[in-house]
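# Residue-level structure breakdown
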Amino acid sequence: ASFTIVDEDALRAQALDSLAGKVLHIRPNGEGLPDNPFWTGDASDNRSKVWAYGVRNAYRFNLRPSTNVPYLGDVGWGTWEEINVVSKGANLGWPCYEGEAQQAGYAPKPVCQSLYQQGPTGVRAPLVAWNHNGGSAAATGGVFYTGTSYPAEYRGAYFYADYSQGWIRYLRVNDNEQLVG
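What you see is a predicted model, and the numbers here were worked out from it, not measured in a lab.

### Remarks on the sheet that holds strand β10 (residues 158-162)
Pairing is antiparallel across the open sheet formed by three strands, whose spatial order is β9-β10-β11. Edge positions in the sheet fall to β9 (139-144) and β11 (167-171), since each of these pairs with one other strand and no more. Neighbour-to-neighbour, the strand axes of this sheet turn through a mean angle of 25°, independent of strand direction. For β9 and β10, the ladder comprises four bridges, and the chain directions are antiparallel.

Here it is, written out as structure tokens:
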């Protein structure tokens, strides 16, 4: 989809039969896995390969060591950058949402109207989102620190960055993949 205008192609991120805007869980040969949330019984079906959907522009991801749940940076469009927990079957909202807000350019689209009618349970909100205030930004998914060389406050923390803004931050999550600090 175009990155400068509202483009119908962006709506493919909400269509389970398209591979655009998805996090896939596949075998090395490209086949989907039976434990995927949208498994159809046919390993070659696109939706059988989908783990999560509604992704705009994932830039780096990593698996949490204790749970193997993916965490990814999703580069925003007009306003918001995101770090997402990509739980099984999650809809991360793009292009209907950017950050936690409805994306005004796509809001009138029937696909988005249908999603909005589901209320807050229709999408998995970002773990962290930040406004790039009209400037350049690029959310960069990071890594969980499992070592012992750095101070205790960093142990088990997830480090992420914004490439364009030139910073690195960290956060902590609980056993349920929820932000705690």
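### Things to note about the nonpolar core
Core analysis: the biggest nonpolar cluster contains 14 residues, and Tyr 71, Leu 127, Val 128, Trp 130, Tyr 158, Tyr 160 and Leu 171 have the highest contact counts within it. Among all residues touching Leu 127, those that are not within four sequence positions of it are Tyr 71, Ile 83, Asn 84, Val 85, Leu 171, Val 173, Glu 177, Gln 178 and Leu 179. With 13 residues, the next largest nonpolar core counts Ala 10, Leu 11, Ala 13 and Trp 77 among its residues.

### Remarks on a nonpolar patch on the surface
Nonpolar side chains collect at one region of the surface, where Leu 19, Leu 24 and Ile 26 lie side by side and expose about 220 Å² of accessible area between them. Take Ile 26: it is sitting in the loop between β1 (22-24) and β2 (50-53). Residue class for Ile 26 comes out partly exposed when judged on its relative accessible area of 39%.

### Quick look at helix α1 (residues 110-117)
The α-helix advances 3.6 residues per turn, and as a result positions three or four apart in sequence lie on the same side. For α1, the full list of buried residues reads Cys 112, Leu 115 and Tyr 116. Projected down its long axis, α1 shows its buried positions confined to an angular sector of 100°, all on one face. In this structure, α1 carries Pro 110 and Gln 117 as exposed residues pointing more than 90 degrees from its buried face. One or two positions beyond α1, positive phi appears at Gly 119, with a value near 75°.

### Concerning the side chain of Gln 14
Within the secondary structure, Gln 14 sits in the segment before β1. Using a relative accessible area of 14% as the deciding quantity, one classes Gln 14 as buried. A polar contact of 2.9 Å, which involves the side chain of Gln 14, links it to the backbone oxygen of Trp 94. Beyond its immediate chain neighbours, meaning those up to four positions away, Gln 14 contacts Lys 22, Tyr 53, Gly 54, Asn 91, Gly 93, Trp 94, Pro 95, Cys 96, Val 111 and Leu 115.

### Here's the deal with the pairing of strand β3 (residues 58-63)
The sheet contact formed by β3 and strand β4 (residues 70-74) spans four bridges and is antiparallel. Counterpart to Asn 62 in the pairing with β4 is Tyr 71. The loop that links β3 with its antiparallel partner β4 comprises six residues; one of these, Asn 68, has a positive phi angle of about 60°.

### Quick notes on the packing of aromatic side chains
Applying the stated criterion to the full structure yields 16 aromatic pairs. Between Trp 130 and Tyr 160 the ring centres are 5.6 Å apart and the planes differ by 35°, which places this aromatic pair in the tilted class. Within this pair, whereas Trp 130 is found in strand β8 (residues 128-131), its partner Tyr 160 is found in strand β10, the two being separated by 30 residues in sequence. When the centroid spacing of 5.0 Å and the interplanar angle of 80° are considered together, the rings of Tyr 154 and Tyr 170 count as edge-to-face. With Tyr 154 in the loop between β9 and β10 and Tyr 170 in strand β11, this residue pair connects regions lying 16 residues apart in the sequence. In this structure an aromatic cluster arises from ring pairing among Tyr 71, Trp 130, Phe 144, Tyr 158, Tyr 160 and Trp 167.

### Topic: unusual backbone geometry
Here the residue pair Trp 94 and Pro 95 is connected by a cis peptide bond, since its omega of 0° sits within 30 degrees of zero. Position of Pro 95 among the secondary structure elements: in the loop between β5 (80-85) and β6 (97-98). The backbone of Arg 60 sits at a positive phi, close to 75°, despite the residue not being glycine. Take Arg 60: it is sitting in strand β3. A positive phi angle, near 65°, is found at Glu 177, a position not held by glycine.

Procedures and definitions
Residues numbered from 1 in each chain as written. Predicted model: local features only at pLDDT ≥ 70, side-chain atom pairs only at ≥ 80, totals over all residues. Heavy atoms only, no water. Pairing = 2+ DSSP bridges. Helix = DSSP H or I, 4+ residues; strand = E, 2+ residues; numbered from the N terminus. Axes fitted to C-alpha atoms, helices over the stretch in contact; angles between N-to-C directions. Core = buried A, V, L, I, M, F, W, Y, C linked by side-chain atoms within 4.5 Å. Buried < 20%, exposed > 50% of the residue type's maximum accessible area, 1.4 Å probe, protein only. Contact = heavy atoms within 4.5 Å. Patch = residues over 30% accessible without salt bridge, like charges linked within 9 Å, V, L, I, M, F, W, Y side chains within 5 Å. Areas by Shrake-Rupley, 256 points an atom, 1.4 Å probe, with all protein chains shown as cover. Salt bridge = Lys/Arg side-chain N within 4 Å of Asp/Glu carboxyl O. Arc of directions from axis to C-beta. Polar contact = N/O pair within 3.5 Å; in protein donor to acceptor, adjacent residues only side chain to side chain. Phe/Tyr/Trp six-rings, centres within 6.5 Å; stacked < 30°, edge-to-face > 60°.

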